[in-house]
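# Coordinate inspection notes
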Amino acid sequence: MHTLPRDGLALSGLDEQLLPPGTKGLPLTGPLRQGAIGLQGWNVLRGDTSFPVAVLKESALLHNLAWMRDFCARHGATLAPHGKTTMSPQLFAAQLANGAWGITLASATQVQVAHRFNVRRVLLANQLVARADIEAVLALLHGDPDFECFVLADSIEGVARLSQAVTSRKLLRPLPVLVELGIEGKRAGCRTPEEALAVARTIAATDGLALAGIEGYEGLLVTQDREADIRAVNAFLSRLVELVKTADAEGLFGHQEILLSAGGSSYFDLVARGFSGVHGLSRPVRAVLRSGCYLTSDHGSYKRLLAQLDAREAIGEGLRPALEVWSMVQSRPEPGLAILTMGKRDASYDEALPIPVYSHRPGSDARGPAELPPGCEIVKMNDQHAYLRLPEGAIREQLQVGDLVGCGISHPCTTFDKWQVLLAVDDSYTVKEALNTFF
């Protein structure tokens, strides 16, 4: 029973696997075939699952998939969403079915996972330096002529490591490499256009490698000063564009098209606009956005940033939060405090603590969850407990042991990696299917 598009990825083995008792979030007392989960009739609000449980609202996922597909079409951009956000083959399939050109990943092991499920094109947006990791990627390319993998380099030393491995492996096709332009004081990437050009020239002159494009990550420029962010992001994008033009004028590119790539989940509209006017080069330019968190959005940091993106786009409803973590009130030790059955092992806490949004009492006549009043706040989490502070008012009397609390999260990446199985639900919180992760 599947409602999300699957785009031909090799997912049948996931449907056939047996999920054992102890699978987090599932109310299992014996093994259950994963493909039968949607037939069980479980409903989160009835308390049918184990708690905590991580859910994805399918209506929001489908809305966000269509929204980003239309956004890319409107701006003439290509999407290679960052798969490290979810590491879920089922969600990769839904993204590919909605026009994604490929999947972006961050490590060799993630590339191996994607290839296992038949993803055909990967952008490895990270430096590939460890010998075993280089060999792992080259083995996939050697054994599967139809598989494409683009990698990054930001140093001549890094290029040499790639070249040595490619020469030893005797690949029948050049390995496509993008040069990464970085930002002073931030993570990887050449610090100046001059350094980036030196790396590009080295790639172009190295047998077995082909310069395929230029890449950067503007998300490192996000601060609390939005106007300054926009200026900094636009300036960084201009440097990327100029670097592509200079490299092309020198005849350095060796791939059939030039990839120009950036795009986190905060300012990807600026990236799409900044790359839209690059024409007239020696070969076609493909502007590749790598936004990953668009798929689920969130109730915190991205929600605030995307509200500003919506205003810039002026096209009506934007992306919807899809990811929630539901837990149960297990203790009411003080009038203004409820202890929930979730903690750092279950929900993101790196950028902000979870945001309490809903409450519900299983077995009540309520047709859906109630919104929690303003002032309810998660103030602390232990490994398996969350501290929900309750404001003065009726909620202190209303919220009881056994009630459910649904939390939104801030920064979805670090919630997904805490779950091997998440549950896709409809708007009434009836479970429709299971989604796996591979971290």
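Residues numbered from 1 in each chain as written. Predicted model: local features only at pLDDT ≥ 70, side-chain atom pairs only at ≥ 80, totals over all residues. Heavy atoms only, no water.

What the protein chain contains, in helices and strands, is 12 helices and 20 strands. Taken over the C-alpha trace, the protein chain has a radius of gyration of 23 Å; the compact-globule value for 439 residues is 22 Å, and the two agree within 12%. Principal-axis analysis of the C-alpha atoms places the extent of the protein chain at approximately 70 × 50 × 35 Å. Counting over 439 residues, the protein chain shows a buried share of 56%. For the protein chain, the exposed surface amounts to about 17,700 Å²; the carbon and sulfur share of it is 50%. One finds the centroid of the 42 positive side-chain charges in the protein chain at a distance of 2 Å from the centroid of its 48 negative side-chain charges. (Helix = DSSP H or I, 4+ residues; strand = E, 2+ residues; numbered from the N terminus. Rg over C-alpha atoms; globule rule 2.2 N^0.38 Å. Buried < 20%, exposed > 50% of the residue type's maximum accessible area, 1.4 Å probe, protein only. Areas by Shrake-Rupley, 256 points an atom, 1.4 Å probe, with all protein chains shown as cover. Lys, Arg positive; Asp, Glu negative; His and termini not counted. Charge placed at Lys NZ, Arg CZ, Asp CG, Glu CD.)

Our next topic: the sheet that holds strand β7 (residues 148-153). Sheet architecture is open: 8 strands sit in the order β4-β11-β10-β9-β8-β7-β6-β5, paired in parallel fashion. In the strand order of this sheet, the two ends are held by β4 (78-79) and β5 (103-105), each with one partner. As paired strands, β7 and strand β8 (residues 175-180) are joined by 3 bridges and run parallel to one another. The partner of Leu-152 across the bridge, within β8, is Leu-178. In this fold helix α6 (residues 156-169) packs onto β7, β8 and β9 (209-215), with an angle of close to 145 degrees to the strand it touches most, β9. (Pairing = 2+ DSSP bridges. Contact = heavy atoms within 4.5 Å. Axes fitted to C-alpha atoms, helices over the stretch in contact; angles between N-to-C directions.)

What follows concerns the packing of helix α4 (residues 108-116) against helix α5 (residues 131-143). One can describe the packing of α4 onto α5 by two numbers: an axis separation of 9 Å at closest approach and a directional angle of 20 degrees. With respect to their mutual orientation, α4 and α5 come out roughly parallel. For the pair α4 and α5, the crossing hand works out as left-handed. For the pair α4 and α5, the contacting residues are Ala-108, Val-111, Gln-112 and His-115 in the first and Asp-133, Ala-136, Val-137 and Leu-140 in the second. By residue class, the composition of the contact of α4 with α5 is 5 nonpolar, 2 polar and 1 charged. (Parallel < 35°, antiparallel > 145°, perpendicular 65-115°, else oblique. Left-handed = near helix turned anticlockwise from the far one by under 90°. Nonpolar A, V, L, I, M, F, W, Y, C, P; charged D, E, K, R; others polar.)

On to the pattern of salt bridges, then. As enumerated under the stated definition, the model contains 25 salt bridges in all. A salt bridge links Glu-215 to Arg-290; its shortest N-O distance comes to 2.9 Å. Of the two residues, Glu-215 is situated in strand β9 and Arg-290 in the loop between β11 (285-289) and α10 (301-313); the sequence distance between them amounts to 75 residues. Grouping residues by exposure puts Glu-215 and Arg-290 together as buried. Linked through salt bridges whose partners overlap, the residues forming this network are Arg-74, Asp-269, Arg-273, Arg-312 and Glu-313. (Salt bridge = Lys/Arg side-chain N within 4 Å of Asp/Glu carboxyl O.)

By secondary structure assignment, the location of Asn-436 is in strand β20 (residues 431-436). Of the polar contacts made by the side chain of Asn-436, one reaches the side chain of Gln-34; its length is 2.6 Å. With near-sequence residues (within four places) excluded, Asn-436 lies in contact with Leu-14, Gln-17, Gln-34, Met-87, Ser-88, Pro-89, Gln-90, Gln-420 and Val-421. (Polar contact = N/O pair within 3.5 Å; in protein donor to acceptor, adjacent residues only side chain to side chain.)

This brings us to the packing of aromatic side chains. Within the structure shown, the criterion is met by 7 aromatic pairs. Look at Trp-67 and Phe-268: their rings are 6.2 Å apart centre to centre, the planes differ by 85 degrees, and that puts the pair in the edge-to-face class. Of this pair, Trp-67 sits in helix α2 (residues 58-75) while Phe-268 sits in helix α9 (residues 268-275); the two residues are 201 residues apart in sequence, bridging distant segments of the chain. Ring centres 5.2 Å apart and planes at 50 degrees place the aromatic pair Phe-117 and Phe-438 in the tilted group. One end of the pair, Phe-117, is in the loop between α4 and β6 (121-127); the other, Phe-438, is in the segment after β20, with 321 residues separating them in the sequence. (Phe/Tyr/Trp six-rings, centres within 6.5 Å; stacked < 30°, edge-to-face > 60°.)

Residue classification places Trp-67 among the buried positions, given a relative accessible area of 8%. The spacing of Trp-67 and Asp-248 is 181 residues in sequence and 33 Å in space, taken between C-alpha atoms. For Trp-67, the contacting residues outside a window of four places in its chain are Phe-268, Leu-309, Asp-310, Ile-315, Glu-317, Gly-318 and Leu-319.

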